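Listed here are the chains, written in short residue letters.
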Amino acid sequence: MPTIIPTGRLAPTPSGLLHLGNARSFLLAWLWARAAGGRVVLRIEDIDRPRCRPHLRAHALEDLQWLGLDWDELAPDQSTRTEVYRAALQALIEKRLAYPCTCTRKDIEEASSAPHGDEGAIYPGTCRGKWRDAAQAEAETGREPAWRFLWQGPSVRFHDQVAGEVTVEPSKLGDFVLWRRDDLPSYQLAVTVDDAAQAVTQVLRGRDLLLSTARQLALYQALGLSAPMQWAHVPFIQDAQGRRMSKRDGDISIKALRDRGVDPRKAVGFLAWTAGLVDGVALRMPSQLAEGFDPANLSRDEFILTDAHLTELAR
Ligand code: GLU
Ligand code: ZN
């Protein structure tokens, strides 16, 4: 048996500046890999090319370095790997595990039988078995089809270090998109192919992706790839209105802290405190927090960020 090197990854999407919420997930992912004596892969997830910008990519790398997070390998940017993802799609088509779908978002919302899950309308399988191939789908509807995963499998079970045992019925999530109508790979397909290619063994990311792990596990199985072995989906930082931090509403960015001359150890100490890793806010470096780090001990609650916290942090 070859020895398995614990490998974690940082996977920023450069469609906006990194904010405190992203930074905290990256800090925790880094700590987990380092605590295991493992490697860290940095991968830029820019498949959504229309929304990603080169200067934001540069800022993401600078932000991570400023926080004191390093990496052992810079994986190829996802935007350079379209053909690799296309080959994976092709393999699924050949196994009859992918089918063309011409439904619009509105069609799916309106399908009377479509139940709503946590993530909005569940795709009701309208195009399953409907089209011989993409050409026929396009000829008859005048629409470029997307490709969906024919998810028939048994229920998916995995252990999450924060959420515990998770069991997901495929029918609760529905057949998901592998390839978009605008001819781009989906997040699910790209992340599965890449985590396997980069020999990632542990994934720590935001709680919003907990159910996507079930989708990805189904894809590893279908593609005959080996999946990461450990998963941790961590709570968010929210604002006082209970909204998750996002790149859109101008939440405080790491770059803004950098530009103000904030001590990065202050940001790291603050983030560690918000995650329940340490008792009080003090200057800390990531390397000082790695020993004994275990995602199972993280706070399970969303952290509410107030203006007072921000003022204190930016002082
Ligand atoms: N690129 C995603 C993000 O920035 C993370 C995806 C993942 O960790 O699987 O939200
Ligand atoms: Zn459809």
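Just above, that's the structure.
Report on the accompanying structure. Fair warning: this is a prediction, and the values are worked out from it, not measured in the lab.

Cut-offs used in this document
- Residues numbered from 1 in each chain as written.
- Chains lettered and ligands numbered in written order.
- Predicted model: local features only at pLDDT ≥ 70, side-chain atom pairs only at ≥ 80, totals over all residues.
- Heavy atoms only, no water.
- Pairing = 2+ DSSP bridges.
- Helix = DSSP H or I, 4+ residues; strand = E, 2+ residues; numbered from the N terminus.
- Donors = N, O, S within 2.8 Å, 3.2 Å for Na, K, Ca; no water.
- Tetrahedral: all angles 85-135°; square planar, octahedral: opposite > 155°, others 65-115°.
- Buried < 20%, exposed > 50% of the residue type's maximum accessible area, 1.4 Å probe, protein only.
- Phe/Tyr/Trp six-rings, centres within 6.5 Å; stacked < 30°, edge-to-face > 60°.
- Axes fitted to C-alpha atoms, helices over the stretch in contact; angles between N-to-C directions.

**Observations regarding the pairing of strand E9 (residues 164-168)**
Working step 1: Across 5 bridges, strand E8 (residues 156-160) lies against E9 in antiparallel orientation. Within E9, the position partnered with Phe158 by the bridge is Val166.
Working step 2: Once E8 ends, the chain turns through 3 residues before running back antiparallel as E9.

**Comments concerning the sheet that holds strand E1 (residues 7-10)**
Working step 1: Taken in spatial order, the 3 strands line up as E1-E2-E3 in an open sheet, and their pairing is parallel. Looking at the sheet topology across the chains shown, the edges are occupied by E1 and strand E3 (73-74).
Working step 2: Direction of pairing for strand E2 (residues 39-42) relative to E3: parallel, over a ladder of 2 bridges. Pairing of Leu42 across the sheet is with Leu74, part of E3.

**Some thoughts on the coordination of the zinc ion (ligand 2)**
Working step 1: Taken together, Cys101 (SG), Cys103 (SG), Tyr123 (OH) and Cys127 (SG) make up the full set of protein donors to the zinc ion (ligand 2), lying 2.1 to 2.4 Å away.
Working step 2: Around the zinc ion (ligand 2), the 4 donor atoms are arranged such that angles at the metal cover 97 to 119°; this shape is classified as tetrahedral.
Working step 3: Between the donor residues of the zinc ion (ligand 2), the gaps in sequence give the motif C-x1-C-x19-Y-x3-C. One end of the pair, Cys101, is in strand E4 (residues 98-101); the other, Cys127, is in the loop between strand E6 (120-121) and helix H5 (134-141), with 26 residues separating them in the sequence.

**Digging into unusual backbone geometry**
Working step 1: A positive phi angle, close to 60°, is found at Arg96, a residue other than glycine.
Working step 2: At Ala199, a residue that is not glycine, the phi angle is positive and equals roughly 55°.
Working step 3: On the secondary structure map, Ala199 appears in the loop between helix H7 (187-197) and strand E11 (202-206).
Working step 4: What makes Ala199 partly exposed here is its relative accessible area of 45%.

**Focus on the packing of aromatic side chains**
Working step 1: By the definition in use, this model includes 6 aromatic pairs.
Working step 2: Centroid distance Trp151 to Phe176: 5.4 Å. Interplanar angle 85°. Geometry classified as edge-to-face. Taken together, the residues span a long stretch of sequence, with Trp151 in the loop between strand E7 (146-149) and E8 and Phe176 in the loop between helix H6 (170-173) and strand E10 (177-179) at a distance of 25 residues.
Working step 3: Note on Phe176: relative accessible area 6%, which makes it buried.
Working step 4: Note on Trp273 and Phe303: the rings are 5.5 Å apart at their centroids and 75° apart in plane angle, and the pair reads as edge-to-face. Remark: Phe303 occurs in strand E14 (residues 303-305) and Trp273 occurs in helix H10 (residues 264-274); sequence separation between them is 30 residues.
Working step 5: Through successive ring pairs, a cluster of aromatic residues spans Phe149, Trp151 and Phe176.

**So, the sheet that holds E7**
Working step 1: One open sheet accounts for 3 strands, arranged E4-E7-E10; its pairing is antiparallel. The open sheet has two edge strands with one neighbour each: E4 and E10. Neighbour-to-neighbour, the strand axes of the sheet open up by a mean angle of 45°, direction not taken into account.
Working step 2: Summarising the sheet, E4 and E7 pair through 4 bridges and their orientation is antiparallel. Each residue of the ladder has a partner; that of Pro100, found in E7, is Trp147.

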